[in-house]
Amino acid sequence: MTEKIITDISEFIFVSHEPRKVDALFLPGGSPPQQPEYAAELYKAGFAQWIIPSGGVSVKTNKWNGVRSKADVYNGDYHSDCEFFTDVLLKNGVPLSAIIPENKAGHTRDNAYLSRKAADEKGVKIDSAMIVCKAFHARRCLMLYQMAFPDTRITVCPVHCYNIAKDNWYKSETGIDRVLGELSRCGNQFIADIKNYLL
């Protein structure tokens with residue numbers, strides 16, 4: 001029974017698709033450089049015309065919490081997720097002209113809706129997109145970006161961070177906390193949105 005529960009949770013949380021050509025790449029905030037590095041790879045391979053890095057400071061600490069890895073490579077004076085992600089993108093060959101920055105978001109819902117606002121203000125219509133996010137963050141990102149971009153075909157191409165993956169999350173306390181935390185937020189963070197949509 002436990003194995004079935006783990007499988008069901010894994011299938012729900014860890015959404016993953018093969019890369020395909022889209023209008024834009026969404027980069028919800030964070031501090032792992034793997035996200036913007038992978039987005040840069042996808043951009044240079046011709047998968048997208050635009051990249052929208054999103055994120056301000058942590059709502060928990062009210063500041064940007066710093067580079068998690070590769071601080072010797074990415075050593076700028078960053079004040080937001082967006083500033084950090086933008087620098088990583090530039091250092092990995094993405095032109096500034098392809099980047100639509102959003103630097104106010106404090107959480108995932110903001111990432112989605114403020115990315116929509118940034119795209120609209122730029123006059124960019126997004127019919128299709130890929131989200132490049134942390135693997136255990138994939139389902140919540142997908143749900144929120146689908147709400148913010150209801151007419152956009154969205155897929156997810158995640159990156160693995162903090163050694164938390166679909167096949168091992170249940171083997172560590174950190175992995176269990178992260179994934180079950182996501183499972184909980186996939187319900188309680190959507191109550192108002194779902195009621196507004198359905199009722």
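To keep things clear, this report deals only with the structure shown in the data block. The residue count restarts for each chain, going from 1 along the sequence in the order it is written. A pLDDT threshold of at least 70 governs which residues receive local features in this predicted model, and a stricter bar of 80 or more applies before side-chain atom pairs are shown or counted, although totals over entire chains, interfaces and linings include all residues. By convention in this description, side-chain values take in all heavy atoms of the structure and omit both hydrogens and water.

**Concerning the pairing of strand β4 (residues 153–156)**
At step 1: What makes two strands pair is DSSP finding at least two bridges between them. For helices the rule is a DSSP run of H or I covering at least 4 residues; for strands it is a run of E covering at least 2, with both sets numbered from the N terminus onward. Alignment of strand β3 (residues 128–131) against β4, held across 4 bridges, turns out to be parallel. Bridge pairing links Ile 131 to Val 156 in β4.
At step 2: By the criterion used throughout, a crossover qualifies as right-handed when its path from the first strand across the helix to the second strand runs clockwise, the strands pointing away from the viewer. Handedness of the crossover joining β3 and β4 through helix α5 (residues 138–148): right-handed.

**Describing the packing of helix α1 (residues 2–13) against α5**
At step 1: Relative to each other, α1 and α5 sit at 45 degrees, their axes nearing to 7 Å. Judged by the angle between their axes, α1 and α5 are oblique. Side by side, α1 and α5 meet where Glu 11, Phe 12 and Ile 13 of the first sit next to Ala 138, Arg 139 and Met 143 of the second.
At step 2: Residues are grouped as follows: Ala, Val, Leu, Ile, Met, Phe, Trp, Tyr, Cys and Pro are nonpolar; Asp, Glu, Lys and Arg are charged; all remaining types, including Gly, are polar. Here the residues of the contact of α1 with α5 sort into 4 nonpolar, no polar and 2 charged. The angle between two axes is taken between their N-to-C directions and runs from 0 to 180 degrees, where each axis is a line fitted to C-alpha atoms and a helix contributes only its stretch in contact. The labels follow the angle: roughly parallel below 35 degrees, roughly antiparallel above 145, roughly perpendicular from 65 to 115, and oblique for the rest. In what follows, a contact means two residues having at least one pair of non-hydrogen atoms within 4.5 Å.

**Quick word on the sheet that holds strand β1 (residues 24–27)**
At step 1: Read across the open sheet, the 4 strands follow the order β2-β1-β3-β4; overall the sheet is parallel. The strands lining the two open edges of the sheet, one partner per strand, are β2 (50–53) and β4. In this sheet, neighbouring strand axes are inclined to one another by 25 degrees on average, regardless of whether the strands run parallel or antiparallel.
At step 2: Together, β1, β2 and β3 form the strand contacts of helix α2 (residues 34–44), whose direction differs from that of β1 by roughly 175 degrees.
At step 3: Where helix α3 (residues 81–91) meets the sheet, its contacts fall on β1 and β2, and the angle it forms with β2 comes to roughly 145 degrees.

**Describing unusual backbone geometry**
At step 1: Although it is not a glycine, Lys 70 sits at a positive phi angle of roughly 60 degrees.
At step 2: Position of Lys 70 among the secondary structure elements: in the loop between β2 and α3.
At step 3: Within the chain, Asn 163 stands out as a residue other than glycine whose phi angle is a positive 55 degrees.
At step 4: On the accessibility criterion, Asn 163 (66% relative accessible area) is exposed. We call a residue buried when its accessible area falls under 20% of the maximum for its residue type, exposed when it is over 50%, and partly exposed in between, using a 1.4 Å probe and counting protein chains only.

**A short note on the side chain of Gln 35**
At step 1: As for its position among the elements, Gln 35 is in helix α2.
At step 2: Judged by relative accessible area, which is 1%, Gln 35 ranks as buried.
At step 3: Setting aside chain neighbours within four positions, we find Gln 35 in contact with Leu 27, Pro 28, Gly 29, Gly 30, Phe 85, Val 132, Cys 133, Lys 134 and Val 159.

**Things to note about the pairing of β1**
At step 1: Burial of β1 is two-sided: the residues Ala 24 and Phe 26 facing one way and the residues Leu 25 and Leu 27 facing the other way are all buried.
At step 2: The sheet contact formed by β1 and β2 spans 4 bridges and is parallel. Directly across from Leu 27, in β2, lies its bridge partner Pro 53.
At step 3: Between the parallel elements β1 and β2, the chain passes through α2 in a crossover that is right-handed.

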